[in-house]
Amino acid sequence: MEPSLARVDYLQVGVTAQKTMRLLPASGKKATQKVVVGDQDGVVTCFGIKKGEAVPVFKTLPGRKISRLELGGALNTPQEKIFVAIGSEVRGFTKRGKQFLSFETNLTESIKAMYISGADLFLCASYIYNHYCDCKDQHYFLSGDKINDVLCLPVDKVNCIIPVLACQDRILRVLQGSDLLYEVELPGPPTVLALSNGNGGDSGEEIVYGTSDGKLGLTQITGTKALPKWEIGNEKKRGGILCIDSFDILGDGVKELLVGRDDGMIEIYNFESADDPVLRHDYALSESIASIQGGCVGKDGYDEILAATYSGWLTGLTTEPVHREGGSGEELKLSQEMQSKISSLRNELEQLQIKVLQERDKYQQSSQSSTAVSSVPAFSVNDKFTLNKDDASYSLILEVQTAIDNVLVQSDVPLDLLDVDKNSAVVSFSSCDSEPNSNFLLATYRCQANTTRLELKVRSIEGQYGTLQAYVTPRIQPKTCQVHQYQIKPLSLHQRTHSIDQDRPMNTLMLKGQFSFAEIHSWVVFCLPEVPEKTPAGECITFYFQNTFLGTQLESTYRKGEGYFKSDNISTISILKDVLSKEATKRKINLNISYDVNEESVRHTLQLIHPKLEYQQLLAKKVHLIDALRELQVHEGNVDFLLPKYRSILEEADQLLEEYKRQPAHLERLYGMITDLFIDKFKFKGTNVKTKVPLLLEILDGCDQDGLIAFFDAA
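Below you will find a few notes about this structure. Because the structure is a prediction, the values reported are computed rather than measured. Every chain is numbered on its own, with residues counted from 1 as its sequence reads. Confidence filtering applies because this is a predicted model: local features only for residues at pLDDT of at least 70, side-chain atom pairs given and counted only at 80 or more, and all residues used for totals across whole chains, interfaces and linings. The side-chain figures draw on all heavy atoms in the structure; neither hydrogens nor water molecules are used.

1. Re the overall build of the chain
How we decide: Note on conventions: DSSP H or I runs of at least 4 residues are helices, E runs of at least 2 residues are strands, and numbering of each starts at the N terminus. As a reference, a globule follows 2.2 Å times the number of residues to the power 0.38, and the radius of gyration itself is taken over C-alpha atoms. The cut-offs for exposure are 20% and 50% of the maximum accessible area for each residue type, with area from a 1.4 Å probe on protein chains only; residues under the lower value are buried, those over the upper are exposed, and the others partly exposed. We call two residues in contact whenever any of their non-hydrogen atoms come within 4.5 Å of each other. For the purpose of charge, His is not counted, nor are the chain termini; Lys and Arg are scored as positive and Asp and Glu as negative. For this purpose, a charge sits on NZ of Lys, CZ of Arg, CG of Asp or CD of Glu.
Along the chain, the regular secondary structure elements total eleven helices and 43 strands. In summary, the chain has a C-alpha radius of gyration of 29 Å against a globular reference of 27 Å for 715 residues, a match within 12%. Counting only C-alpha atoms and orienting by the principal axes, one finds that the chain spans roughly 90 × 75 × 70 Å. The buried share among the 715 residues of the chain stands at 50%. Taking as baseline every contact in the chain between residues at least 6 positions apart, the subset at least 24 positions apart corresponds to 57%. Computing the positive centroid from 77 side-chain charges and the negative centroid from 95, the chain places the two 5 Å apart.

2. Some words on the sheet that holds strand β8 (residues 89-93)
What counts is decided by this rule: Should DSSP find at least two bridges between two strands, the strands are taken to pair. To get an axis, a line is fitted to the C-alpha atoms, and for a helix only the part in contact is used. The angle between two axes follows their N-to-C directions and goes from 0 to 180 degrees.
In spatial order, the strands read β6-β7-β8-β9; together these four strands make up an open sheet with antiparallel pairing. Single-partner strands in this sheet number two, and they are β6 (66-72) and β9 (99-104). Taking each pair of neighbouring strands and ignoring which way they run, the sheet shows an average axis angle of 20°. When β8 meets β9, the two strands line up antiparallel, connected through five bridges. Its bridge partner lying in β9, arginine 91 is registered against serine 102.

3. Examining the sheet that holds strand β37 (residues 482-488)
The strand order β33-β34-β31-β36-β37 describes an open sheet built from five strands, whose pairing is antiparallel. Every other strand in the sheet has two partners, leaving β33 (426-429) and β37 as the edge strands with one partner each. If you compare each strand with its neighbour and ignore which way they point, the axes differ by 20° on average. Alignment of strand β36 (residues 466-474) against β37, held across seven bridges, turns out to be antiparallel. Along β37, the bridge assignment pairs glutamine 469 with glutamine 485.

4. Side note on the packing of aromatic side chains
For any pair of aromatic rings, the description rests on two quantities: the centre-to-centre distance and the angle between the ring planes. Spelled out, the test is: Paired rings are identified among Phe, Tyr and Trp, the last through its six-membered ring, by centres lying within 6.5 Å, and are further divided according to the angle between planes into stacked (under 30 degrees), edge-to-face (over 60) and tilted (the rest).
With the rule as written, the count across this model stands at 16 aromatic pairs. On the numbers, 5.1 Å between centres and 85° between planes, the contact of phenylalanine 103 with tyrosine 132 is edge-to-face. A residue pair is termed long-range when its members are at least 10 positions apart, and phenylalanine 103 in strand β9 and tyrosine 132 in strand β12 (residues 128-133) qualify at 29 residues. Judged by its relative accessible area of 11%, phenylalanine 103 falls in the buried class. Put simply, the rings of Phe517, Phe543, Phe545 and Tyr558 touch in pairs and so form one group of aromatic residues.

5. Some words on the side chain of aspartate 568
Stated precisely, the cut-off is as follows: Counted as a polar contact is a pair of N or O atoms within 3.5 Å, where, for protein atoms, one must be capable of donating a hydrogen and the other of accepting one, and residues adjacent in sequence contribute only when both atoms are in side chains.
Examined against the element boundaries, aspartate 568 turns out to sit in the loop between β42 (562-567) and α5 (570-586). We classify aspartate 568 as buried; its relative accessible area is 0%. In terms of polar contacts, aspartate 568 uses its side chain to reach the backbone amide nitrogen of glutamine 553, at 2.7 Å. Setting aside residues no more than four positions away along its own chain, aspartate 568 makes contact with Arg504, Pro505, Met506, Asn507, Thr552, Gln553, Ser601, His604, Thr605 and Leu608.

6. Brief notes about the nonpolar core
Defined as follows: Buried Ala, Val, Leu, Ile, Met, Phe, Trp, Tyr and Cys residues that are joined via side-chain atoms within 4.5 Å together make up what is termed a nonpolar core.
If you look at the biggest cluster of nonpolar residues, it comprises 77 residues, and the most contacted ones within it are Val407, Leu468, Phe565, Ile674 and Phe712. Aside from chain neighbours lying at most four places away, what touches phenylalanine 712 is Val602, Leu606, Ile674, Leu677, Phe678, Lys681, Phe682 and Leu696. If you look at the next biggest cluster of nonpolar residues, it comprises 28 residues, including Leu153, Leu165, Val174 and Tyr209.

7. Section: the environment of isoleucine 292
Summarising the element assignment, isoleucine 292 is placed in strand β26 (residues 289-295). For isoleucine 292 and lysine 98, which are 194 residues apart along the polypeptide, the C-alpha to C-alpha distance reads 25 Å. Not counting residues within four places of it along the chain, the set of residues in contact with isoleucine 292 comprises Met21, Cys243, Ile244, Asp245, Leu258, Val259, Gly260, Ile266, Ile305, Leu306 and Ala307.

8. Remarks on the pairing of strand β16 (residues 171-176)
For β16, the tally of buried residues reaches five of six residues, placing the bulk of the element in the interior. Pairing of strand β15 (residues 163-167) with β16, which is carried by four bridges, proceeds in the antiparallel orientation. Its bridge partner lying in β16, valine 164 is registered against valine 174. Linkage of β15 to β16, two consecutive antiparallel strands, is achieved through a turn of three residues, within which arginine 170 is found at a positive phi near 65°. Here six bridges tie β16 to strand β17 (residues 179-185), and the two strands are oriented antiparallel to one another. Directly across from glutamine 176, in β17, lies its bridge partner aspartate 179. In textbook terms, the turn of a hairpin is the stretch between consecutive antiparallel strands, and for β16 and β17 this stretch comprises two residues, one of which, glycine 177, has a positive phi near 65°.

9. A short note on the packing of helix α7 (residues 644-651) against helix α8 (residues 653-662)
How two helices pack is summed up by the angle between their axes together with the distance between the axes. To keep it simple, the criterion reads: Angles are sorted into four bins: roughly parallel if under 35 degrees, roughly antiparallel if over 145, roughly perpendicular if 65 to 115, and oblique for all others. In this classification, the charged set is Asp, Glu, Lys and Arg, the nonpolar set is Ala, Val, Leu, Ile, Met, Phe, Trp, Tyr, Cys and Pro, and all remaining amino acids, among them Gly, are polar.
Between α7 and α8, the shortest axis-to-axis distance is 4 Å and the interhelical angle comes to 70°. On the basis of their axis angle, the class for α7 and α8 is roughly perpendicular. Within the contact between the two elements, α7 uses Ile649, Leu650 and Glu651 and α8 uses Ala653, Gln655 and Leu656. Grouping the constituent residues of the contact of α7 with α8 by class yields four nonpolar, one polar and one charged.

10. Here's the deal with the packing of helix α9 (residues 666-683) against helix α11 (residues 705-714)
Put simply, the rule reads: By the definition used in this description, the sense in which the near helix is turned from the far one sets the handedness, with an anticlockwise turn below a right angle giving left-handed and a clockwise turn giving right-handed.
One can describe the packing of α9 onto α11 by two numbers: an axis separation of 10 Å at closest approach and a directional angle of 25°. Judged by the inter-axis angle, α9 sits roughly parallel to α11. For the pair α9 and α11, the sense of crossing is right-handed. Between α9 and α11, the contacting residues are Ile674, Leu677, Phe678, Lys681 and Phe682 on the first element and Leu708, Phe711, Phe712 and Asp713 on the second. A breakdown of the residues in the contact of α9 with α11 according to their chemical character gives seven nonpolar, no polar and two charged.

11. Focus: α8
This is how it is decided: Directions drawn from the helix axis to the C-beta atoms are what define this arc.
All buried positions along α8 are accounted for by Ala653, Leu656 and Glu659. For α8, the angular spread of buried residues about the axis comes to 135°, placing them on one side. Exposed residues on α8 whose side chains face more than 90 degrees from its buried face are Asp654 and Gln655.

12. Overview of unusual backbone geometry
Comment: phi is negative for the bulk of residues other than glycine, and the bulk of peptide bonds are trans. Notably, asparagine 76 is not glycine yet its phi reads approximately 65°, a positive angle. Looking at the secondary structure, you find asparagine 76 in the loop between β6 and β7 (81-86). Positive phi, normally seen in glycine, also occurs at asparagine 197, with a value near 65°. Relative to the elements of secondary structure, asparagine 197 occurs in the loop between β18 (190-195) and β19 (206-211). For asparagine 197, a relative accessible area of 35% gives the class partly exposed.

13. Thoughts on the state of the cysteines
By definition, a disulfide links the sulfur atoms of two cysteine residues through a covalent bond. Put simply, the rule is: We call a pair of cysteine sulfur atoms a disulfide whenever their separation is within 2.5 Å.
Taken as a whole and assessed by the stated rule, the structure comprises zero disulfides. No disulfide involves cysteine 135; its sulfur sits 9.2 Å from that of cysteine 133, the nearest cysteine.

14. Focus: the side chain of glutamate 70
For glutamate 70, the location among the structural elements is in strand β6. Given the relative accessible area of 6%, glutamate 70 is considered buried. There is a polar contact of 2.9 Å between the side chain of glutamate 70 and the side chain of arginine 22. Setting aside chain neighbours within four positions, we find glutamate 70 in contact with Lys19, Arg22, Lys81, Ile82, Phe83, Met114 and Ile116.

In structure tokens form, the structure reads like this:
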């Protein structure tokens, strides 16, 4: 049976970060629960709901922004003490709002993740994990990449403290004390962790994780290794997962999995069988879901899902029926309740309108006075720039706390702007003068009213690197704009992976010189995405990458004074050679560069490219035939005389056009990659073959794989 959920908007606080809203335990079995939320204005707000209205319990004074909010208390007792992370400090409040703790940690950075279990406090900054017991430092760990979340397996079930770190390099790090117990490889960068069923399952060892690319999974953390239980891909191409909770919203006695995503989707997964969960219900809000909780908030006896959105809205999806079935007395009572609520809202709206007019007049007067000082209104932008493995494109997501007026996108490197289905903004392109200003892209997105979230997609060309800039202008007065910059790296389409196929034919680039470990690491950070900015611990490091467009691989191993880069794509090696030598020259460091080229790798790369090339050429031919075939259809009125292949083109015309529109320059990109491969192959031999490129393009138009390989061998 489908759950019938009605939306209720309770209250708006300031902008909220991930995992900063919780429900306090109820006093009775079916009693309503109080909500506690911390925002980026530094305010902790606790409120309950009476007769549909938010009634405050307590509210703290503004201060520095709150990055996390957790509930705690003695083990096996109601968890009703409120703990908030503010900068490098942890503060504790009772459920009545009295502050009982102010713990200044020894962390030099702001707290990014927090978990509480009894007297144990687990805190993480970007790369550093600290464990405190009764506010005394116990254990410390330095992670190899950024830490996104932390939790600890329930002590009462596993009888020891086992913390788990969710790290950006697609790894869960399982700790014991200050030591790494083992690592768990995941399909995507984990952004959030939660105990399965809210308690770790029967064993207490089961953890649910959500990734930034929208995947969901469960793994069992045993004392020696991890046992993966299930994993759900992101088939519907939805947003990254920000929050997870377990709650029986369907009332069937089994807790469902509640998931909140950064594209505003709330999902309910039901465990119909003992194996994989099944998506039972979803609901779309217009902004990212920062926190999600299941409980009883609006009315006793009616469960609901409560979500806190990025801009601070606390929205419930309640099981309480909107239209009650009953006698006329109950209907009359309901209508009177609604009427009083409507009149109070009208009064509130009138007062707000008067207040806005007064403030506007005050601003006009002050701005015209001789001592006027212009003040720029501050606004918060939540942005995310990530590489999608599925279509080798970058997603740029911009979310603003108020409505967006327009976004201007500018780039000093060639980029393709791709269509996004969810995007309702009107885009207009301006002509660019690429020579003197290195300006290759200038596009304006004009948003419709009340749009607070905009998603763009771009595809870059490897070897061409620079900066993409987004100028975000919201609908506020006086007009103001924020500029956000995103680096397009030389090997921008490469993504970190856990391992590579060592049996492929590999080309090798070797560097030697008087450079430090930190210097060569900074060059690798400059060249490749998803590499941690912090220099790794130890003397040597190896990273593996996969090209999301072609599927070619790269292995980079380096230490002080030497670096080794192996790839089955000679163009990747060529780009690295050019960029690394340029970076070394800037630092006045002499590099001894040598390389080992494997002729077989060129044929291997061409075989990887050819199926994609063949598919895109066929798609382009079909699209060019559509207009002529439609004209025939109009004139003849019947297409039975056409060959089946032409009839199928007419039948699939809309899908073909849609696919072609989604990937505007796909074929040109493949032609460019093959041309670069041809030039790079001979560049390493010291031969310039640019004069033979027109002949190569003729062969490409013929789409003959054997002829193409023969041309590469004979040139």
